[in-house]
Each structure stands twice: as structure tokens, then as C-alpha cells.
Amino acid sequence: RRSERMEGQAGASTTPARVQMVGDILASMGVTEYEPKVNHLLLEFLHKYVAEVVQDAASFQEHANKPELDTDDVRLAIQSKVNGVFAQPPPREFMIELGRVKNSVPLPLIRPGVHLPPVEDCNAGTNYAVFAGRDA
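Position numbers for residues start from 1 in each chain and track the written sequence from start to end. Note on the predicted model: pLDDT of at least 70 is required for a residue's local features to be given, and 80 or more for side-chain atom pairs to be given and counted; whole-chain, interface and lining totals, by contrast, use all residues. The side-chain figures draw on all heavy atoms in the structure; neither hydrogens nor water molecules are used.

**Comments concerning the overall build of the protein chain**
Only runs of H or I of at least four residues qualify as helices and only runs of E of at least two qualify as strands under DSSP, and these elements are numbered from the N terminus. Of the regular secondary structure elements, the protein chain holds 5 helices and 0 strands. Counting only residues that meet the buried cut, the protein chain has 10% of its 136 residues in that class. Element-wise, carbon and sulfur atoms account for 59% of the exposed surface of the protein chain, whose accessible area totals about 12500 Å². A simple rule labels every residue: compare its accessible area, found with a 1.4 Å probe on the protein chains alone, to the largest value its type can have, and call it buried under 20%, exposed over 50%, or partly exposed in between. Here the accessible surface of atoms and residues is derived via Shrake-Rupley with a 1.4 Å probe, and residues count as covered only by protein chains that are part of the display.

Printed below as a string of C-alpha cells:
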């Protein structure tokens, strides 16, 4: 299957293996149309993410006074990265209920005319004071 796709692509023989791998991952997820830059952006993100995970795992290994990096250190680093970086969206039902509550309150009526802030907060007001001076 991979060779069929490579034959169909113009210049696929010059595509680096890692960029091709990202394209294969996108294809396996059902993504068929995307900009060519997407492969490179995802590859850059992947490199940065893996480098940070390995660096964090090495810190955990050093903190535990272990002679070598093991899978527990990597798992802990991934878990700490997932908890701190990738926030899960709230459930759909919660968002629907929140929208229902928010939309149950009617909007205030619109007053006719120009709406300006209070005079003390308005830039169109006088921003100076004139004091009568003494005779010299």
C-alpha cells in the first residue's frame, strides 16, 4: 500500500522517511487532505515533545538515584507532561447544560443613542484644570 501511494505522489522518492511516517500516521487516522507544511510542523512538534519527555525522564531518574533510565521514568515524564500541557475538554453534556443555563437569562434591552462610558472614564472629557495664577 505504501509503495502504491509513493508511486502516485510527485517527488515522493525524495521525501524523508520520517516525514513519510507522519504522512502515514495522518492517513491511518483518515486525514486525506492537508497542506504539505503539516508533515513538517507535526514532525517538529513530535521532536520537541519527545526531547522534553526524555529530558524530564532523565531528571526523574537522577532524582531517584537510578543508574539507568527505565520505562517507569518515561511513563512518569509522559504523565506529568499530559497533565500539565494537554487539557481535556469538558464533556459535551456539561457544555450543553452550561449553555442552556447561560442562554436562559435574557439579554438587556438596547437603549437608543450613543453609548459612552461615564464622564470620568471618557477620553472626550476635559483632562486638565486651569488655576488662576498669582500676580507676580
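There is more to say, and it comes next.
**With respect to helix α2 (residues 17-28)**
For an α-helix, 3.6 residues make a turn, and residues three or four places apart therefore share a direction. Counted at 1.5 Å a residue, the expected span for α2 with its 12 residues is 16 Å, and the 16 Å between its end C-alpha atoms agrees. For α2, the set of buried residues is Val19, Gln20, Val22, Gly23 and Leu26. Along the axis of α2, the buried positions cluster into a sector of 155°, meaning they face one direction only. What points out from α2, more than 90 degrees from its buried face, is the exposed set Ala17, Arg18 and Ser28. At the C-terminal side of α2, Gly30 shows a positive phi close to 90°. To estimate the expected span of a helix, subtract one from its residue number and multiply by 1.5 Å. Directions from the helix axis toward the C-beta atoms define the arc.

**Describing the packing of α2 against helix α3 (residues 37-63)**
Whenever a helix is involved, its axis is fitted only over the stretch in contact; in every case the axis is a line through C-alpha atoms, and angles between N-to-C directions fall within 0 to 180 degrees. At a closest axis distance of 9 Å, the pairing of α2 and α3 adopts a crossing angle of 100°. Compared by their axis directions, α2 and α3 come out roughly perpendicular. Contact residues: α2 offers Arg18, Val19, Val22, Gly23 and Leu26, while α3 offers Val38, Asn39, His40, Leu42 and Leu43. Put simply, Ala, Val, Leu, Ile, Met, Phe, Trp, Tyr, Cys and Pro go in the nonpolar bin, Asp, Glu, Lys and Arg in the charged bin, and everything else, Gly too, in the polar bin. Each residue belonging to the contact of α2 with α3 can be placed in one class, and the counts come to 6 nonpolar, 3 polar and 1 charged. Each angle gets one of four labels, with under 35 degrees taken as roughly parallel, over 145 as roughly antiparallel, 65 to 115 as roughly perpendicular, and the rest as oblique. Only heavy atoms matter for contacts: two residues are in contact if any of them lie within 4.5 Å across the pair.

**What to know about unusual backbone geometry**
Located in the positive-phi region is Asn65, a residue other than glycine, with phi close to 55°. The residue Asn65 is located in the loop between α3 and α4 (71-85) in this model.

**Here's the deal with the pattern of salt bridges**
Here a salt bridge means any side-chain nitrogen of Lys or Arg lying within 4 Å of a carboxyl oxygen belonging to Asp or Glu. Applying the stated criterion across every chain, the model contains 6 salt bridges. Linking Lys81 and Glu52 is a salt bridge whose minimum nitrogen-to-oxygen distance equals 3.1 Å. Taken as a pair, Lys81 in helix α4 and Glu52 in helix α3 lie far apart in primary sequence, 29 residues in all. Look at Lys81 and you get buried, because its relative accessible area is 12%. One salt bridge in this structure joins Asp73 and Lys66, with 3.1 Å as the shortest N-O distance. Residue classification places Asp73 among the buried positions, given a relative accessible area of 4%. By relative accessible area, which is 27% here, Lys66 ends up partly exposed. Through salt bridges that share partners, Glu52, Asp56 and Lys81 make up one connected network.

**Here's the deal with the confidence of the model for the protein chain**
Per-residue confidence from the predictor is given as pLDDT, running between 0 and 100. Summing up the model confidence of the protein chain, the mean pLDDT is 83 and the portion of residues at 70 or higher is 85%. At the low end of the mean pLDDT range in the protein chain sits helix α1 (residues 2-8), at 42; at the high end sits helix α5 (residues 92-103), at 95. Residue range residues 1-11 is modelled with pLDDT below 50. Its contacts to residues more than four positions away, or to other chains, number 11 contacts.

**Some words on the side chain of Asp73**
Within the secondary structure, Asp73 is located in helix α4. N or O atoms within 3.5 Å of each other form a polar contact, as long as, within protein, one can give a hydrogen and the other can take it, and as long as residues adjacent in sequence are counted only when both atoms are side-chain atoms. Within polar-contact distance, the side chain of Asp73 engages the side chain of Lys66 at 3.1 Å. In contact with Asp73, not counting residues within four places along its chain, are Ala57, Phe60, Gln61, Lys66 and Glu68.

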